[in-house]
Amino acid sequence: MEPMQRVEIVRMCKTDVWIEDDFFGGRHVVVQHEGCAPFTYASFNYDYRYTSNAETLSAATELAMQLGATTPVARKSRAPEALNKEEIKRQIEVLQDLLLKLNKQNGT
């Protein structure tokens, strides 16, 4: 059996942890190592039937703290995903078709 080799830590990467609030009331715990892209570690979605704003914030804050965030946990707004021109046109066409169908059903 070979003896265990020694390991030398060259550098510790800084890790940031924060909470992003989205337009629909969801909370997202985001982790980012220095030099890397942000990673959504967990999402707490909002639905008035099952959750409350206080519950989702509490759960997200607790998880962020477990992952290394410090108090107060940083919070940011999550921008809606940007759509390209073609995707917007496609969605408009789908909605126009739906509107035509509804008008035919209602006789208008």
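Everything numeric in this text was worked out from a predicted model, so none of it was measured.

Considering the packing of aromatic side chains
If you walk through the whole model with that rule in mind, you get 2 aromatic pairs. Relative to Phe24, the ring of Phe23 lies with its centre 5.3 Å away and its plane at 85°, an arrangement referred to as edge-to-face. For Phe24, a relative accessible area of 66% gives the class exposed. Centre to centre, the rings of Phe39 and Tyr41 are 6.5 Å apart; their planes meet at 90°, and the pair counts as edge-to-face.

Topic: the environment of Pro80
Relative to the helices and strands, Pro80 resides in the loop between strand S4 (75–77) and helix H2 (85–106). Owing to a relative accessible area of 66%, Pro80 belongs among the exposed residues under this scheme. Sequence separation between Pro80 and Thr15 is 65 residues, and the spatial gap between their C-alpha atoms is 24 Å.

Some words on the nonpolar core
Taken as a class, soluble globular proteins show a tendency for nonpolar side chains to be buried jointly. Core analysis: the biggest nonpolar cluster contains 10 residues, these being Val17, Ile19, Val29, Val31, Ala42, Ala60, Leu63, Ala64, Ala69 and Val73. Mapped onto this core, the elements with two or more residues apiece are strand S1 (15–21), strand S2 (27–33) and helix H1 (53–66). Here the element with the most residues in this core is H1; it accounts for 3 residues. Excluding anything up to four places from it in sequence, Val31 contacts Thr15, Asp16, Val17, Ala37, Pro38, Phe39, Tyr41 and Leu67.

Some details on the sheet that holds S4
Strand order in this open sheet of 4 strands is S3-S2-S1-S4, and the pairing throughout is mixed. If you trace the sheet from one side to the other, it starts and ends with strand S3 (39–44) and S4, each paired once. Averaged over neighbouring strand pairs, the angle between their axes works out to 30° when direction is ignored. When S2 meets S3, the two strands line up antiparallel, connected through 5 bridges. Residue pairing across strands places Val29 opposite Ala42, the latter belonging to S3. Against the sheet, H1 touches S1, S2, S3 and S4, its axis set at about 20° to S2.

Reading guide: rules and limits
Residues numbered from 1 in each chain as written. Predicted model: local features only at pLDDT ≥ 70, side-chain atom pairs only at ≥ 80, totals over all residues. Heavy atoms only, no water. Phe/Tyr/Trp six-rings, centres within 6.5 Å; stacked < 30°, edge-to-face > 60°. Buried < 20%, exposed > 50% of the residue type's maximum accessible area, 1.4 Å probe, protein only. Helix = DSSP H or I, 4+ residues; strand = E, 2+ residues; numbered from the N terminus. Core = buried A, V, L, I, M, F, W, Y, C linked by side-chain atoms within 4.5 Å. Contact = heavy atoms within 4.5 Å. Pairing = 2+ DSSP bridges. Axes fitted to C-alpha atoms, helices over the stretch in contact; angles between N-to-C directions.

What is shown is where atoms sit, not what they do.
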